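Each chain, written out:
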Amino acid sequence: MILSDLRDRRPPITRTLLLHNIKITLCYLAMATLVSSAFFVLSSNTANVDIIYIMAIVLIARNTEGYIPGITAALFSVLLINMVFTYPYMSLNFTLDGYPVTFLGMTLIASLTSTLTTQLKEQTRILNEREHMLMEAEKEKMRANLLRAISHDLRTPLTSIIGTASSYLEQDPVLSEQDKSLLVAAIADDAQWLLHMVENLLSVTRIDDRTASVKTSLEPLEEVVSSALVRFYKRMPDTRVQVEIPDELIMIPMDATLIEQVLINLLENAVCHGGSPVPIRLSVSAGKSEVRFSVRDFGCGIDPGSLTALFDGCSSAQNHSSDSRKGMGIGLSICKTIITAHHGHIFAENHPDGAEFTFILPLGETSYE
């Protein structure tokens, strides 16, 4: 069904396209005739004339739309060979011994060549259209997942802020100073979480919506990790993180701001859902063609049934903590969007003492546009 729809979407034969086909056909036939004439004058050898015209037919079929230009060029080529390069010259003569067979064979070969070339071009167009449709479907899926995550992760802290503020206003006369401080602290905490999610959303605007790609430049690995940790510690100053990175200088093609956001999201996810006093471990290893980043916590791990849908923007797919507002559906969905835009790969898995999130970035390119 999809292939038939794609065939129906082939370009219509307009006046401009018709003129283009005629111009291309005449140009290649003229060039083939000139080259063949040069061969004939210089060597009096017509053995290569057929090959020259077949090459011209292939180029005509490749650079025009539809079957008619190639087949028409094939017929004209046979007539030109008979008239210009076959004795008696400058006249059509199909009565020569064996020439009718040659004529039919040449016509058949040229027509088949033109038809096959046109079919290959059509198949290529269909494959390109299909790839484009699949890319658009993937973008729509990411957009839907992101919207679903936003609807959950933004609504919960907003509801909490409204409820806490209402309690403060309605019960202000009977609340102690300590209770008021706790309510204000809860509001500030929820507002901080909202700010973090807004930063996540803003980071997605750096991704080109048309190509789902990012502008990259070579960035030093150590500086990117260091900057991400500085931003992370501002949010969670009491958290401990063990960092393991290679000693040598490694330059990675990336959008540094986006990759820092991914690292922060994964580190905060490990804090919120790990629930362990053991320090989080951030490790980076480099290979010949890729760099692997891993964030490992030592908590309760992830439900194995949720691993495949973890990055789809569904907060419910993750382990639930007592603090429901700390769902990382939107954070993990954005992580996947960012890594995919870098032509990388991200996944999660359990280990004996907790969970580990890993993403891989390729090396060797400075831009994926």
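Right above here is the structure, for reference.
Described in the following lines is the structure provided in the data block. Only a predicted model underlies this, so the values are computations on that prediction, with no experimental measurement involved.

Cut-off values and rules
Residues numbered from 1 in each chain as written. Predicted model: local features only at pLDDT ≥ 70, side-chain atom pairs only at ≥ 80, totals over all residues. Heavy atoms only, no water. Helix = DSSP H or I, 4+ residues; strand = E, 2+ residues; numbered from the N terminus. Buried < 20%, exposed > 50% of the residue type's maximum accessible area, 1.4 Å probe, protein only. Patch = residues over 30% accessible without salt bridge, like charges linked within 9 Å, V, L, I, M, F, W, Y side chains within 5 Å. Areas by Shrake-Rupley, 256 points an atom, 1.4 Å probe, with all protein chains shown as cover. Salt bridge = Lys/Arg side-chain N within 4 Å of Asp/Glu carboxyl O. Pairing = 2+ DSSP bridges. Axes fitted to C-alpha atoms, helices over the stretch in contact; angles between N-to-C directions. Parallel < 35°, antiparallel > 145°, perpendicular 65-115°, else oblique. Left-handed = near helix turned anticlockwise from the far one by under 90°. Contact = heavy atoms within 4.5 Å. Nonpolar A, V, L, I, M, F, W, Y, C, P; charged D, E, K, R; others polar. Core = buried A, V, L, I, M, F, W, Y, C linked by side-chain atoms within 4.5 Å. Phe/Tyr/Trp six-rings, centres within 6.5 Å; stacked < 30°, edge-to-face > 60°. Expected span 1.5 Å × (residues − 1). Polar contact = N/O pair within 3.5 Å; in protein donor to acceptor, adjacent residues only side chain to side chain.

Look at His 343: it is not a glycine, yet its phi comes out positive at around 60°. Checked against the element boundaries, His 343 lands in the loop between α9 (329-341) and β6 (345-351). The class of His 343 is partly exposed, set by a relative accessible area of 49%.

Now for a nonpolar patch on the surface. Residues Leu 18, Leu 19, Ile 22 and Leu 26 make up a contiguous nonpolar surface patch of roughly 380 Å² in combined accessible area. Note that Leu 19 resides in helix α2 (residues 15-43).

Attention shifts here to the pairing of strand β5 (residues 290-296). Each regular strand carries side chains that alternate between the two faces of the sheet. One ladder, built from six bridges, connects strand β4 (residues 280-286) with β5; its direction is antiparallel. Along β5, the bridge assignment pairs Arg 281 with Arg 296. When β5 meets strand β7 (residues 354-362), the two strands line up antiparallel, connected through seven bridges. Within β7, the position partnered with Val 295 by the bridge is Phe 357.

Running from N to C, helix α3 (residues 49-63) and helix α4 (residues 68-84) point in directions that differ by 160°, and their axes come no closer than 9 Å. Regarding the angle of α3 to α4, the classification is roughly antiparallel. When you trace α3 past α4, the crossing you get is right-handed. Of α4, the residues touching α3 (which contributes Val 49, Asp 50, Tyr 53, Ile 57 and Ile 60) are Pro 69, Gly 70, Ala 73, Ala 74, Ser 77, Leu 80 and Ile 81. Residues that form the contact of α3 with α4 fall into these classes: nine nonpolar, two polar and one charged.

Here the structure, examined in full by the defined rule, presents five salt bridges. Note that Glu 268 is salt-bridged to Arg 235, the shortest N-O span being 3.4 Å. A residue pair is termed long-range when its members are at least 10 positions apart, and Glu 268 in helix α8 (residues 256-274) and Arg 235 in helix α7 (residues 221-235) qualify at 33 residues.

Counting residues in hydrophobic clusters, the biggest one holds 51 residues, and the most contacted among them are Phe 293 and Phe 359. Of all hydrophobic cores here, the second largest spans 12 residues; its members include Ala 32, Tyr 53, Ile 57 and Ile 60.

Moving on, we get to the packing of aromatic side chains. In this structure the tally under the stated criterion is three aromatic pairs. Arranged with centres 5.7 Å apart and planes meeting at 55°, the rings of Phe 232 and Tyr 233 form a pair that is tilted. Ring geometry for Phe 311 and Phe 357: centres 6.1 Å apart, planes at 80°, overall edge-to-face. In this pair, Phe 311 sits in the loop between β5 and α9 while Phe 357 sits in strand β7, placing the two residues 46 residues apart along the sequence.

Its 19 residues place the ends of α8 26 Å apart at the C-alpha level, agreeing with the 27 Å of an ideal helix rising 1.5 Å per residue. In terms of burial, α8 is largely enclosed, as 17 of its 19 residues are buried. You can read the cap of α8 off the contacts: a side-chain oxygen lies 3.2 Å from the backbone nitrogen of Thr 257, and it is on Asp 255. Just beyond α8, the residue with positive phi is Gly 275, at close to 60°.

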